[in-house]
Amino acid sequence: MTYIAKPKFAHPSLQPNKLGFTRRDYEGRVSTLCAGCGHDSISAAIIQAAFELDIEPHRLAKLSGIGCSSKTPDYFLGASHGFNTVHGRMPSVLTGANLANRDLVYLGVSGDGDSASIGLGQFAHSIRRGVNMTYIVENNGVYGLTKGQFSATSDRGSKSKKGVVNHDSAIDMVSLALQLGATFVARSFSGDKEQLVPLIKAALRHKGAAFIDTISPCIAFNNHAGSTKSFDWVREHNEAVNRLDMMVGRAPITAQYAPGEMVQVHQHDGTVLNLRKLAANYDPTDRVKAMHFLQERQAAGEVVTGLLYVDPQAEDLHDSLGTVATPLNALGTAELTPGAAALDKINASLR
Amino acid sequence: MEPTNTESPEHFHKVVDCQWACPAHTPVPEYIRMIAQGRYADAYMVNWRSNVFPGILGRTCDRPCEPACRRDRVEDQPVAICRLKRFAADNKGDLSDRMPAPAANWNGKTVACVGAGPASLTVARDLAPLGYRVVLFDRDAKGGGMIRSQIPRFRLPEEVIDEEVGFVTALGPELVLNKEVNSLKALLAEPYDAIFVGTGAPRGRDLDVPGRAEAAANIHIGIDWLSSVSFGHIEKIGRRVIVLGGGNTAMDCCRTSRRLGGEDVKVIVRSGFEEMKASPWEKEDAMHEGIPIHNFLVPKSFTHEDGKLTGVWFEKVAWQAGLDGRKALRPTGEPDQHFECDDVLVAIGQENSFPWIERDIGLEFNKWDMPVVGETTFQSTNPKVFFGGDSAFGPKNIIWAVAHGHEAAVSIDLYCRGQDTALRPPPGVTLASQKMGIHEWSYDNDVSLDERRKVPLLETSLALASVKAEVELGFDRELAYAETQRCLNCDVQTVFSAPACIECDACVDICPTDCITFTANGDEAEVRTRLKAPALNLTQDLYVSGSLPTGRVMVKDEDVCLHCGLCAERCPTGAWDMQKFLLTTTQAGGCR
């Protein structure tokens, strides 16, 4: 934690985006997390992604629950909407906000405690409903705020800082998200912004439930030998299946890679994801194969990262419900209370 | 790129831009912090050790430190370093218990200094406490040299000169005043162990154009005229005055004229406004006093009637390429312009003048008729004779004279002890952590966003009423304190330890000015282009670590680092630390 505010002075070469904002304009308050916390790197990646996507700060809502990770929305996008919910309840509040105003970009930020323990049910239902959101879990495999107990994502056999061995099975958030029907699933690492920033950008542009499991070492309680969420462990066991090199708008794509090296994914809104293949035969649009691949590599002790699955033609909760295109909170009294005649008509249709 | 060698002081010294730019290497941030703490006498003594004349320089220095100041690149105005120096001098209080005592015993060696200006006084200050008998000769009635003769009193009050020259003379050197040395040969014949020549650049350049001789009574050489004003021999000038020249002497001449009866005073310069040699603030001060500056006019002839000057003809010029393609100031072909005036002050440059040095005493002169002087030793080809100040390498300014004086004193001391003057003593360097707690530092790392403070001025009507009324009033305590807070503490260095780094990126994320990058090593020119913010200022070095576990290196561009210490505060392993770098030049008698 730091007592002084980050000075306003910036590098003279700092460039503005299309809106005239610099990257610094997307920052929030100075972090109160421990020095070196992986979560701060994720905050920096979110700032970079929002800046590069030219997101108008007032068009984005960031929601979180309780925990170290859930504190971080205070440290980025200081000019955006924020909601800090009770523990594990971020997904419901986000779902409600999304239903009321479908026009905002929704960013849910949570941790392994908030999403895999107390909020597991909430997590599951927001994913299976296909709420249009980016859901980032800052996963450090430990309860940092309460000084280092194992969390639900700690791997069986890994050791705590005091040397205690974890006997419980780990919840794998990525496998869960795939099974629950998330239409964009990725895993990344706080220590690799080159991978993380494009993934966050793609997720923010994805229509539907986009989930990113981001391994984020806890410097204070989970960065020792024996941990499987430490900088060293993740760097040694990281197996990236692909690299999201560019995310292009509606512009045509010029081929820069030999055939077979590149996978292009065209999304609903016209965005095109250019994925450079690292693992041969990995197809990020095949959900069943992706699940199989994940289980296989996990059994071999690898941490698979990259864009693991994307459904380019995904639909979201509003599509399923058939809501009007106008956000509900923008509808007037006339639309919301059509009167007795309309009610009679509905009643008649049900007789 | 090879890892930066932080064992040698060079990298960190260059980071302290102000100290690096100061010829005398005054530790600027060190004394600015002392001023902030109200330790004005301490701040004065830090200055006094390095530059001998803090009160004088705080008013007259050419300030090479200010254009170098990092604040100038981060914001757009440097810290008012010079004004702060003056503030410390104005508020230092009694220093009698801090000044060195005169040497108790004579060491048997005697040194003569020709001229008692800033270079010679510096030599005397450095050598007298070591036991040397130092004898200073000067043609004027008081010590100080050009400080006293050429700088007008409204910029530098006489009491300030008396006090700071007095600090030197109190150390016991002998002053032989009103005595012009006419022969170096004769001086060499006397029993001096070494001779230091600090005679400055005493001859003002004249302008030999038609009418010069006929109108001589009203055409004055700038520095001679200023000297006569300083010593009270001249108290008036005509109503209409033209000052020729664009340097600081010209600015002193025009402003002095305004105070001696000149109502219509103008400066006329051959070059454009930007290329004028005068410091920007001196031009500003002149214009503030209602003195117009006319550019691109070359004097062609003086007009006169009955032996009295009536005006000057000028040819109009502009920067134009000639037949050889080189740009030069060439006539535009427009009709010449005539300016009427009663007096002309010629301030078009100064020259060295050594008619008193015989050419058969083993002292070589080069093709420009300047003595051949060692660049670091200040020793001439006659090993007993040393030069410094303007007489060594031509006209510069006071702070250079002081720097030369220190180095010459080191050489004289080495020479008198029979040692090699080429072996220069290394500087004293300390590098000490400023960490006091988890996020507490022994310096104020919170960066002030304030803009540069203006110094209060005496009201113009009062200022122009007397040649002795000091124009700049100096900062008061509040202004000085606020200005100290603008200093970025560039001497508190970001020191990186590669073995401790876990590459968590915390420093990269927090750095307000994007100075830090972890990246693959490469060729410097190429690495500079792919940092988090491109490192385009090639005068600023990159700080490069050894190889890290991921195979990358840490590269820090020192250019616009705020020295806020946030990298060190956010570092979980202490791989970054804020360490104060203090470099003190070694003066005569040190490091024996």
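Cut-offs and rules
- Residues numbered from 1 in each chain as written.
- Chains lettered and ligands numbered in written order.
- Predicted model: local features only at pLDDT ≥ 70, side-chain atom pairs only at ≥ 80, totals over all residues.
- Helix = DSSP H or I, 4+ residues; strand = E, 2+ residues; numbered from the N terminus.
- Rg over C-alpha atoms; globule rule 2.2 N^0.38 Å.
- Buried ≥ 20, exposed ≤ 12 C-beta atoms within 10 Å, placed from the backbone.
- Contact = placed C-beta atoms within 7 Å.
- Pairing = 2+ DSSP bridges.
- Nonpolar A, V, L, I, M, F, W, Y, C, P; charged D, E, K, R; others polar.
- Axes fitted to C-alpha atoms, helices over the stretch in contact; angles between N-to-C directions.
- Parallel < 35°, antiparallel > 145°, perpendicular 65-115°, else oblique.
- Left-handed = near helix turned anticlockwise from the far one by under 90°.
- Domains from an automatic or database assignment.
- pLDDT = per-residue confidence, 0-100.

A. Region of the structure containing the overall build of chain B. When you go through chain B residue by residue, the secondary structure sums to 22 helices and 24 strands. For chain B, whose C-alpha radius of gyration is 26 Å, the value lies close to the compact-globule estimate of 25 Å for 592 residues. For chain B, the proportion of its 592 residues judged to be buried stands at 47%.

B. Spotlight on the overall build of chain A. Counting its secondary structure elements, chain A contains 12 helices and 13 strands. The C-alpha radius of gyration computed for chain A amounts to 21 Å, which stays within 12% of the reference 20 Å derived for 351 residues, consistent with globular compactness. For chain A, the C-alpha atoms occupy an extent of roughly 70 × 50 × 50 Å along the three principal directions. Here chain A holds 351 residues, and the buried ones make up 46% of them. For chain A, long-range pairs separated by at least 24 residues make up 72% of all intrachain contacts whose partners lie at least 6 apart in sequence.

C. Examining the pairing of strand β24 (residues 576-584) of chain B more closely. Residues and elements named next belong to chain B. Note: strand β17 (residues 428-433) against β24, six bridges, orientation antiparallel. Across the sheet, the residue bridging to Thr430 is Leu582, located in β24. Alignment of strand β20 (residues 492-496) against β24, held across five bridges, turns out to be antiparallel. For Val495, the partnering residue across the bridge sits in β24 and is Asp577.

D. Structural detail: the interface of chain A and chain B. At the interface, 25 residues of chain A touch 28 residues of chain B. Elements that contribute at least two residues to the side of chain A that touches chain B include exactly α1 (38-52) and α8 (231-237) of chain A. At four residues, α1(A) tops the list of elements feeding residues into the side of chain A that touches chain B. Here the residues of the side of chain A that touches chain B sort into 13 nonpolar, seven polar and five charged.

E. Examining the packing of helix α6 (residues 173-180) of chain A against helix α9 (residues 287-299) of chain A more closely. All names here are of chain A. Interhelical geometry of α6 versus α9 gives an angle of 160° and a closest axis separation of 11 Å. What the angle tells us is that α6 and α9 run roughly antiparallel. The element α6 and its partner α9 pack so that their crossing is left-handed. Facing Val174, Ser175 and Leu178 of α6, the residues of α9 in contact are Arg287, Ala290, Met291 and Leu294. Across the contact of α6 with α9, the residue classes tally to five nonpolar, one polar and one charged.

F. Expanded view of unusual backbone geometry. Positive phi, close to 55°, is recorded for Asp54(A), a residue that is not glycine. Judged by C-beta crowding, with 12 C-beta atoms within 10 Å, Asp54(A) ranks as exposed. Look at Asp369(B): it is not a glycine, yet its phi comes out positive at around 65°. For Asp369(B), the position within the fold is in the loop between β15 (350-351) and β16 (385-387). For Asp369(B), a count of 11 C-beta atoms within 10 Å translates into the label exposed.

G. Up close: the sheet that holds β16(B). All names here are of chain B. On the basis of which strands lie adjacent, the open sheet formed by five strands has the order β3-β2-β1-β4-β16 and parallel pairing. Pairing within the sheet leaves two strands with one partner each, and these edge strands are β3 (174-176) and β16. Sheet twist, expressed as the mean angle between neighbouring strand axes with direction ignored, is 20°. Here strand β1 (residues 110-114) pairs with strand β2 (residues 133-137) via five bridges, running parallel. Bridge pairing in β2 places Ala112 opposite Val135. Along the sheet, helix α17 (residues 398-416) makes contact with β1, β4 (194-197) and β16, crossing β4 at roughly 165°.

H. How the structure looks around the domain arrangement of chain B. Residue and element names in this part refer to chain B. Domains assigned within chain B are domain 1 (110-202 + 352-416) and domain 2 (204-350). Contacts between the two partners involve nine residues from domain 1 and, on the opposite side, nine residues from domain 2. For the side of domain 1 that touches domain 2, the per-class residue count stands at five nonpolar, two polar and two charged.

I. Molecular detail of the sheet that holds strand β9 (residues 293-294) of chain B. Residue and element names in this part refer to chain B. Taking strand neighbours across the sheet as the criterion, the five strands line up as β6-β14-β7-β8-β9 in an open arrangement whose pairing is parallel. Of all strands in the sheet, those bounded by a partner on one side alone are β6 (219-221) and β9. Where strand β7 (residues 240-244) and strand β14 (residues 343-346) come together, four bridges link them in parallel fashion. By the bridge assignment for β14, Leu244 is matched with Val346.

J. Fine view of the confidence of the model for chain B. Summing up the model confidence of chain B, the mean pLDDT is 95 and the portion of residues at 70 or higher is 100%. Complex prediction metrics read pTM 0.91 and ipTM 0.91.

K. Region of interest: the environment of Cys341(B). Residues and elements named next belong to chain B. Among the secondary structure elements, Cys341 is positioned in the loop between β13 (337-340) and β14. Here Cys341 falls in the buried class, since 24 other C-beta atoms lie within 10 Å of it. When the C-alpha positions of Cys341 and Leu309 are compared, they lie 7.3 Å apart, and in sequence the two are 32 residues distant. Not counting the four nearest positions on each side in its chain, Cys341 is found in contact with Arg240, Val241, Ile242, Leu309, Gly311 and Val312.

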